[in-house]
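Structural description and commentary
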Amino acid sequence: MSMSPQEVREHMMTYLESTECQIIEKSPYHVTVKLSPQADRQLTGRPYYWGFVDRTGAEPETLSFTFVFDPERYDQHEQEKTAAARQQDHLLSRYYGTAPLLPQLGPGRIQREDVTYGSARLQQIWNAARQEGFCLYLFEQPPSLQRETLFSAPYEPWLGVCFKAEMACDMKKEELHFIGISLVSGQIASPFPDRLKGLTLSPRLPENVHIQPATLSLDAAAGLLESYLTGKLAEMDYGWAEQAKERLKEELAVIDIYYEDLLKEPDEEKLAAIREQFASRRSETTWQYEPKVHLSAITCGLFHLRSKG
Amino acid sequence: MNTSNTSENPHTLPVPLHIDRSWLDQLNNRLEKGGPWGDWGLAQLAIRGEEARLVTSFDELQCLKHLQGLSPLPHQLDTTRKVLFEMSGRAILADEVGLGKTIEAGMILKEYMIRGLVSKVLILVPASLVLQWVRELNSKFGIPAIAQKKAYTWHSDIVVASIDTAKRDPHKDFLLSQEYDMLIIDEAHKLKNKKTTNYQFIQKLRKKYCLLLTATPVQNDMTELFNLITLLKPGQLGRQGDFATNFVVGKRQPKNQEQLKDELAKVMIRNRRGEGPVQFTKRHVTNVSLQLSPEEQALYDGVTAFVKDEYRASGGNLSSMLSLVTLQREVCSSRDAVFLTLVNLSKKIPDESPLTAKVWELVNAIRAIKANTKAEKTIELIRQMNEKVIVFTEYRATQEYLLQYFQKHGLICVPYRGGMNRGKKDWMMDLFRGRAQVMIATEAGGEGINLQFCHHMINFDLPWNPMRVEQRIGRVHRLGQQNDVKIYNLSTSGTIEEHILHLLHEKINMFEMVIGGLDVILERFEKQESLEKRLVKMFLESDSNEEIRQKVNSLGQTLDQIKQQVDYESETMKEEEA
């Protein structure tokens, strides 16, 4: 999957807005932004500076950037702008002479950076988002009517986890599984986002609601989610793994044949070295080809949702 | 990391399953402390980010979408696919020179990194190429590679280092204790001998994927290829004995070509020039023969006589003659170069020595020279072309002189030399790309001068080492050059230069030859002594022009024979691959 400049811009803006950065200027092609302390810590790689700020309590000075999503269009746009600016100055310059446009240096300088699908900055944004959005504790926000009704609404706690499954041998494929389980009924929602569709979620506990007591412990719920997911993974086509195992077998056979004669070496010392080489070559090959599946979480959390029925 | 196997799970997968349960610990931990809680917007962004870079297919190239501003050629794409999907990441990339092996290696590395299969990488290259690799990986591929400088840089994820540093203590022990997801070795033909420490070191390194880059997989004999492949995948060509009986007839002649071809294709990719869509533009060579002015001729004769006398006096010992040989070469370039060397020489010899008088005699001959025939011709040529030109000379003094001379005649020119730091080199390149019409360069080898935008070059003087000539041409005649390249060689008749040019141009036809074969030819030729040294000796020991001519001719014949042999072998290799 690749992304259009618009999509990249949208991802970037989501991050900047979520971290409360100060947007100075924006267009469909770019955004100029003064980072918030939170974003600066994540993005600029200045641990020593932030260490200094933390220890001395100095007022932090965050960096500013111009992120450009569509360099071609942006440059064109900028050129038009400076051309227009030059024309305006025409009258003044007749009296004062033209001053060349100097690039700004020093602390006020705003660095330009092109951000596209493959750029390291976008990866960094995603990774930062993953770190800061990792453990969630959220409530469904009721429609405004709820405050006026007499009865408090029952809320059901759900454990939601977005799993990443990595199928790897000498090649690799990945899948995402965002699934949730009710801690009250043990019901599993997959995909969980379907259950969340149309809901407004916020960390604020709404008025006039009560949380139903959980019957499942968190650990038990996690276990159920895992076994549900492994069940799903077990249904997958494992042709790739079979083929990888086949490749591994062939490669090992080739190695075995090669070392067969060498291992008849009479000299003890030499033989030891050959044995070592043989073993390490075999283990390297297994490392390279052996198929495996790895599960990890992108994000997880407790979602308190209004009970249905 | 909290990892475990799911033995208690009712569903079992046909492959090992590792579950990272650290998320549950973190969640429990935060529940206990009552936070801090993550932002839902950011969590959604993280998920969308994961979706956007999810590798959804085992066999579809991902790296292209990640690489802006890089448009790989078709053969480079094919190579990348083949290495990933057919060779499982262990391959010899043996494209001929100039087809972009580095680009291929970069794409393969990038693809594995995107797929999360590679994070720790060791790249071993000749010392002179370390920085170039780092720069290319950074700028073209966005791969944060680091040049190895201090011991602690080894701890970085992606390190570029010279193999000679890496194999030495104390680095060696550290590297051997590591596990590398990928190992890349440039100029891998240097690992042809099993007994060398380099070879044994690479063999011991623990690596998952491995790329060996070389333009000349077979230089001298077939065992070299066998050794190279053994480094990558021992047993691919069978046992050592099997290989010899199955595939080798003579030293350089393979047999059972069909079968060998099949086996080789499993581990080696060799793209050739002139195949497929990669077409190089032509080279047009013009030799400009000049007549020295009487004063210049006098200096030339004076220096030649002086050098020969000294050679005889030393009893034919070349090693003590180094500065004199230089003198002999410089006299073909400019009086400034000669002057500088003479001054240095006079400082070394004691005052009362009879040499002093001779040296001063030569200095007086220099004084008599009022004009430089070659420089005048060069200006004339540049004016005729009226386009960007690069002028190469071997000597600093000549470079200085030309700079001054050209400037006086209203040409905008910039210097370029090996001693400049990176920033200055880049600056000079920018100036040349922009305002300057002429670049005067003393250095052709090394890294980073890619001048595809210029297609005229003038060899103000010729190096006696053909590899250097080839390096010069390679700056201009490379992938991306749109025009035919025009090469002008200046030579003065009746001098040694004329003979050298004759040898290089007419005998081994090097200016028009396809690059890549030259290093092989030279390596075979220079088994005993370098070509440069032989030329010097030949010149110093001959009494007449005619004698030199004969000797140069026979030298040319030897080179030609080797060339034909190499061509023949390359043809048979090609047939195997075809």
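Small disclaimer: the values here were computed from a predicted structure and weren't measured.

**Focus on the confidence of the model for chain B**
Residues and elements named next belong to chain B. Averaged over all residues, the pLDDT of chain B is 81; the fraction at 70 or higher stands at 88%. For residues 1-8, every residue scores under 50 in pLDDT, and the model assigns this stretch 16 contacts once sequence neighbours within four places are set aside. Model confidence for the complex: the whole-complex pTM is 0.77, and ipTM, which rates the interface, is 0.85.

**Some points on the interface of chain A and chain B**
Contact residues are listed per partner, giving 71 residues for chain A and 57 residues for chain B. Each residue belonging to the side of chain A that touches chain B can be placed in one class, and the counts come to 39 nonpolar, 17 polar and 15 charged. For strand E11 (residues 292-306) of chain A and strand E2 (residues 17-20) of chain B, the ladder comprises 3 bridges, and the chain directions are parallel. Within E2 of chain B, the residue paired with Val 293 of chain A across the bridge is Leu 17 of chain B.

**A word on the packing of helix H14 (residues 322-330) of chain B against helix H15 (residues 335-348) of chain B**
Residue and element names in this part refer to chain B. Close contact between H14 and H15 brings their axes to 9 Å; oriented N to C, the two are set at 160°. Between H14 and H15, the crossing angle belongs to the class labelled roughly antiparallel. Considering the relative orientation of H14 and H15, their crossing is left-handed. For the pair H14 and H15, the contacting residues are Ser 323, Thr 326, Leu 327 and Glu 330 in the first and Ala 337, Val 338, Thr 341 and Leu 345 in the second.

**Some remarks on the domain arrangement of chain A**
Looking at the assigned domains, one finds that chain A contains domain 1 (5-131) and domain 2 (135-309). Taking only C-alpha atoms into account, the centre of domain 1 of chain A sits 37 Å from that of domain 2 of chain A.

**Re the sheet that holds strand E11 (residues 389-392) of chain B**
Residues and elements named next belong to chain B. Sheet architecture is open: 6 strands sit in the order E10-E15-E14-E11-E13-E12, paired in parallel fashion. A single partner strand is all that each edge strand has here, and the edge strands are strand E10 (283-290) and strand E12 (413-416). Neighbour-to-neighbour, the strand axes of this sheet turn through a mean angle of 20°, independent of strand direction. Two elements, E12 and strand E13 (residues 438-441), share 4 bridges in a ladder whose sense is parallel. The residue of E13 that forms the bridge with Tyr 416 is Ala 441. Most of the contacts of helix H18 (residues 396-408) go to E12, to which it runs at about 170°, and overall it touches E11, E12 and E13. Strand contacts of helix H19 (residues 422-433): E12 and E13, with the helix running at about 150° to E12, the strand carrying the most contacts.

**A look at helix H10 (residues 268-289) of chain A**
With 22 residues, H10 of chain A should reach 32 Å at 1.5 Å per residue; the first-to-last C-alpha distance of 32 Å fits that figure. Within H10 of chain A the residues assigned to the buried category are Arg 281, Glu 284, Thr 285, Gln 288 and Tyr 289 of chain A. One face of H10 of chain A carries all of its buried residues, which in axial projection span an arc of 110°. Facing away from the buried side of H10 of chain A, by more than 90 degrees, are the exposed residues Glu 268, Glu 269, Ala 272, Glu 276, Ala 279, Ser 283 and Thr 286 of chain A. On its buried side, H10 of chain A packs onto helix H9 (239-262) of chain A together with strand E8 (206-213) of chain B.

**Considerations on the sheet that holds strand E7 (residues 179-185) of chain B**
Residue and element names in this part refer to chain B. Read across the sheet, 7 strands follow the order E5-E6-E4-E7-E8-E3-E9 without closing on themselves; strand pairing throughout is parallel. At either end of the open sheet lies a strand with only one pairing partner, and these are strand E5 (146-147) and strand E9 (268-269). Sheet topology note: the strand E3 (residues 90-93)/E8 ladder contains 4 bridges and is parallel. Directly across from Leu 93, in E8, lies its bridge partner Leu 213.

Conventions used here
Residues numbered from 1 in each chain as written. Chains lettered and ligands numbered in written order. Predicted model: local features only at pLDDT ≥ 70, side-chain atom pairs only at ≥ 80, totals over all residues. pLDDT = per-residue confidence, 0-100. Contact = placed C-beta atoms within 7 Å. Nonpolar A, V, L, I, M, F, W, Y, C, P; charged D, E, K, R; others polar. Pairing = 2+ DSSP bridges. Helix = DSSP H or I, 4+ residues; strand = E, 2+ residues; numbered from the N terminus. Axes fitted to C-alpha atoms, helices over the stretch in contact; angles between N-to-C directions. Parallel < 35°, antiparallel > 145°, perpendicular 65-115°, else oblique. Left-handed = near helix turned anticlockwise from the far one by under 90°. Domains from an automatic or database assignment. Expected span 1.5 Å × (residues − 1). Buried ≥ 20, exposed ≤ 12 C-beta atoms within 10 Å, placed from the backbone. Arc of directions from axis to C-beta.

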